[in-house]
Amino acid sequence: MTIKLGLLGFGTVASGIPFLLEENGDKITAAAKDQIEISKVLVKDEEEKTRLLAAGNDYHFVTDIDDIISDSEIDIVIELMGRIEPAKTFITKALKAGKHVVSANKDLIASHGKELISLAQDKGVAFYYEAAVAGGIPILRTMANSLTSDKVTRILGVLNGTSNFMLTKMVDEGWSYEDALVTAQKLGYAESDPTNDVEGIDAAYKAVILSQFGFGMTIGLEDVTHKGISTISTADVAVAQQLGYVIKLVGAIEETPSGLFAEVSPSFVPKTHPLASVNGVMNAVFVESIGIGQSMYYGPGAGQKPTATSVVADIVRIARHLNDKTIGKPFNEFSREIKLSDLSDVKSRYYFSIETPDKKGQLLQLAEIFSSEDISFEQVLQQKAQGERASVVIITHEMSKTALANVTAKLSEVAEFKVLNTFKVLGE
Ligand SMILES: NC(=O)c1ccc[n+]([C@@H]2O[C@H](COP(=O)([O-])OP(=O)(O)OC[C@H]3O[C@@H](n4cnc5c(N)ncnc54)[C@H](OP(=O)(O)O)[C@@H]3O)[C@@H](O)[C@H]2O)c1
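Conventions adopted
Residues numbered from 1 in each chain as written. Predicted model: local features only at pLDDT ≥ 70, side-chain atom pairs only at ≥ 80, totals over all residues. Heavy atoms only, no water. Buried < 20%, exposed > 50% of the residue type's maximum accessible area, 1.4 Å probe, protein only. Helix = DSSP H or I, 4+ residues; strand = E, 2+ residues; numbered from the N terminus. Contact = heavy atoms within 4.5 Å. Axes fitted to C-alpha atoms, helices over the stretch in contact; angles between N-to-C directions. Near = heavy atom within 4 Å. Polar contact = N/O pair within 3.5 Å; in protein donor to acceptor, adjacent residues only side chain to side chain. Areas by Shrake-Rupley, 256 points an atom, 1.4 Å probe, with all protein chains shown as cover. Nonpolar A, V, L, I, M, F, W, Y, C, P; charged D, E, K, R; others polar. Phe/Tyr/Trp six-rings, centres within 6.5 Å; stacked < 30°, edge-to-face > 60°. Lys NZ or Arg CZ within 6 Å of the ring centre and 35° of its normal. UniProt positions renumbered as here; feature names shortened; annotations may be inferred. Pairing = 2+ DSSP bridges. Parallel < 35°, antiparallel > 145°, perpendicular 65-115°, else oblique. Left-handed = near helix turned anticlockwise from the far one by under 90°. Core = buried A, V, L, I, M, F, W, Y, C linked by side-chain atoms within 4.5 Å.

Asker: Residue-level account of helix H7 (residues 139-146), with values.
Answerer: For an α-helix, 3.6 residues make a turn, and residues three or four places apart therefore share a direction. The buried fraction of H7 is high, at six of eight residues. Of all the residues in H7, the buried ones are Ile 139, Leu 140, Arg 141, Thr 142, Met 143 and Ala 144. Against strand S6 (127-128), strand S7 (152-158), helix H11 (201-215), strand S11 (282-289), strand S12 (293-300) and helix H13 (304-324) lie the buried residues of H7.

Quick look at the structure:
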């Protein structure tokens, strides 16, 4: 038998699928127990069809989704168009028509995954999306399969290649945020509107999906607080270096005694922590669990071949399930009631960079404000800044998110103090 695919979109990732089917055809066929063939490819319009054919792409290109949905020979629909619409409508149509679906669309899965997963369940079909988190790193299936016996307590991830590339340049070469962004855009790593990457939104999508697989809770995007890298200054980077840290945009999901907490934030990572060496466009997911302890899954978070490899792995898995007549089980079977953590249970050390007048008694006043929230200092650095101003850097001992909000509010009430930045500080 031949398993026939309908591709939706033929951009970067989709055009990497033929490479794998050709170069690794024997292994893929043996694993799938069937031939896999691209039957039809949906493109936007006739112009795109003509362009792709002229470029030597010998596929049956169509411009109407119904040509794929109504084709009873097509078993699996591969959505690689990106964005919410029309991807959501097309996937819904495919699932309703009883077709299995593979997607890499994190935006869509983070925002509407719940209803699509439930529709796939109702129809008894597969809906897989390994490539949606950290592109080439096989993290979702690893969590769903290999970590079933383990209990995950915290996931820390460097989940966005664009921001990690920029931060690596800022740390290793002293570049400003603006210079790093211009270069990332020139190299094609950042889009002309980089908001999703630099403001932590893309990483938040991935945190939503990781929460399902790691903790069994289908939280929403609104449950993930996110802060981006645009406020990081060269002074923050230099202080981090001086104190033995690198700054990374970290997605963190943890279970506290009261529930789940997920956030994306620039974080001071000790240079000795495995995540500190995740540089450039690479991604990593660091998992803490009661059985394995600590494990890290590292690799390319994007790119044509790595991402297409994850997509084809999903296709092979579906083919095998079809053969074994076990099709229809959800990608992730771990499901629990959503319980979000109290902020008083979410604890971390924090870095504060505060500008103060350069005069006696400032440190004492700061210490009084922090201590009124029961926050103590682990490290303090004081430097003369410009003119009559000084800069004070504080690394606190562990404190709660509630204390963080309270102390930030108290500091903002003192006109002479200007909090420049506050970042989370991870432990070893
Ligand atoms: N690139 C990566 O490394 C990577 C990694 C992980 C996950 N992903 C995910 O994979 C998906 C695809 O990414 P990509 O990088 O391959 O994107 P891409 O290069 O922009 O390709 C998407 C293609 O789909 C086409 N398209 C858009 N709307 C369409 C429609 N209504 N009908 C037919 N074709 C349509 C686009 O055409 P136009 O260009 O004309 O709009 C484009 O050719 C996204 O969800 C992305 O988030 C990508």
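Still more to cover.
Asker: Account for the packing of helix H2 (residues 25-32) against H13, with residues named and values stated.
Answerer: As a packed pair, H2 and H13 sit with axes 8 Å apart at the nearest point and diverge in direction by 35 degrees. Where H2 abuts H13, its residues Ile 28, Ala 31 and Ala 32 lie against Val 312, Val 316, Ala 319, Arg 320 and Asn 323.

Asker: Run through the site of the ligand, naming residues and quoting values.
Answerer: Taken together, 18 residues form the shell around the ligand, and within it Thr 12, Val 13, Lys 44, Ala 302 and Gly 303 come nearest. In this structure, Thr 12 approaches the ligand through a side-chain N or O atom, which is 2.8 Å from an oxygen atom. Protein contact buries 73% of the 880 Å² of open area that the ligand shows by itself. Looking at the shell around the ligand residue by residue, the classes come out as nine nonpolar, seven polar and two charged.

Asker: Lay out the packing of aromatic side chains with the relevant residues and their values.
Answerer: Taken as a whole, this structure holds 15 aromatic pairs when the rule is applied. A centroid spacing of 5.0 Å and a plane angle of 75 degrees characterise the contact between Phe 213 and Phe 331, whose relative ring orientation is edge-to-face. Remark: Phe 331 occurs in the loop between H13 and strand S13 (347-357) and Phe 213 occurs in helix H11; sequence separation between them is 118 residues. Given the relative accessible area of 3%, Phe 213 is considered buried. Through pairs of rings, three or more aromatic residues link up here, namely Phe 127, Tyr 128, Tyr 129, Phe 213 and Phe 331. Here the basic side chain of Arg 141 rests over the ring of Tyr 128, its NZ or CZ set 5.3 Å away from the ring centre. Above the plane of the ring of Phe 19 lies Lys 305, whose end atom (NZ or CZ) is 4.3 Å from the centre.

Asker: Give a description of the environment of Lys 96 that names residues and reports values.
Answerer: Along the chain, the position of Lys 96 falls in helix H5 (residues 87-96). Overall, the relative accessible area of 54% leaves Lys 96 in the exposed class. For the pair Lys 96 and Val 125, spaced 29 residues apart in the sequence, the C-alpha separation amounts to 9.3 Å. Those residues within four positions of Lys 96 in sequence are excluded, and the remaining contacts are Leu 119 and Lys 123.

Asker: Lay out the UniProt feature "domain: ACT" (unreviewed entry) in the protein chain in plain terms, naming residues and giving numbers.
Answerer: Within this numbering scheme, the UniProt entry marks residues 351-425 as carrying the feature "domain: ACT" (unreviewed entry). Between the C-alpha atoms that bound residues 351-425 there is a distance of 6 Å. The span itself is 31% helix and 44% strand.

Asker: Go over the sheet that holds strand S2 (residues 35-42), please, and point to the residues and values.
Answerer: Pairing within the open sheet is parallel, and its six strands lie in the order S3-S2-S1-S4-S5-S6. Strands at the two margins of the open sheet, each flanked by one partner only, are strand S3 (61-62) and S6. Here five bridges tie strand S1 (residues 2-8) to strand S4 (residues 74-79), and the two strands are oriented parallel to one another. Residue Leu 7 lies in a different strand from S4, and its bridge partner there is Ile 78.

Asker: So what about the packing of helix H8 (residues 161-173) against helix H9 (residues 177-186)? Which residues, and what values?
Answerer: Think of two packed helices as two axes; the pair is described by the angle between the axes and how far apart they sit. Their axes nearest at 9 Å, the elements H8 and H9 cross at an angle of 135 degrees. The orientation of H8 with respect to H9, classified from their angle, is oblique. Crossing geometry of H8 relative to H9 is assigned as right-handed. Listed contacts from H9 to Phe 165, Met 166 and Met 170 of H8 are Tyr 177, Ala 180, Leu 181, Thr 183 and Ala 184.

Asker: Mind laying out the nonpolar core, listing which residues take part and the relevant values?
Answerer: Among the nonpolar cores identified, the biggest contains 126 residues, and Ile 17 and Ile 78 are the most heavily contacted of them. When residues of this core are assigned to their parent elements, the largest contribution, 10 residues, is made by H11. For Ile 17, the residues in contact, after removing those within four places along its chain, are Leu 7, Ile 38, Ile 78, Leu 80, Ala 308, Val 311 and Val 312. Core analysis: the second largest hydrophobic core is formed by 16 residues, Ile 369, Phe 370, Leu 404 and Val 414 among them.

Asker: So what's going on with the pairing of strand S15 (residues 389-396)? Which residues, and what values?
Answerer: Here S15 lies mainly inside the structure; seven of its eight residues are buried. Note that S13 and S15 share seven bridges and pair antiparallel. Paired with Tyr 351 across the two strands is Ile 395, which belongs to S15. With seven bridges connecting them, strand S14 (residues 377-384) and S15 associate as antiparallel partners. Bridge pairing in S15 places Lys 384 opposite Ala 390.

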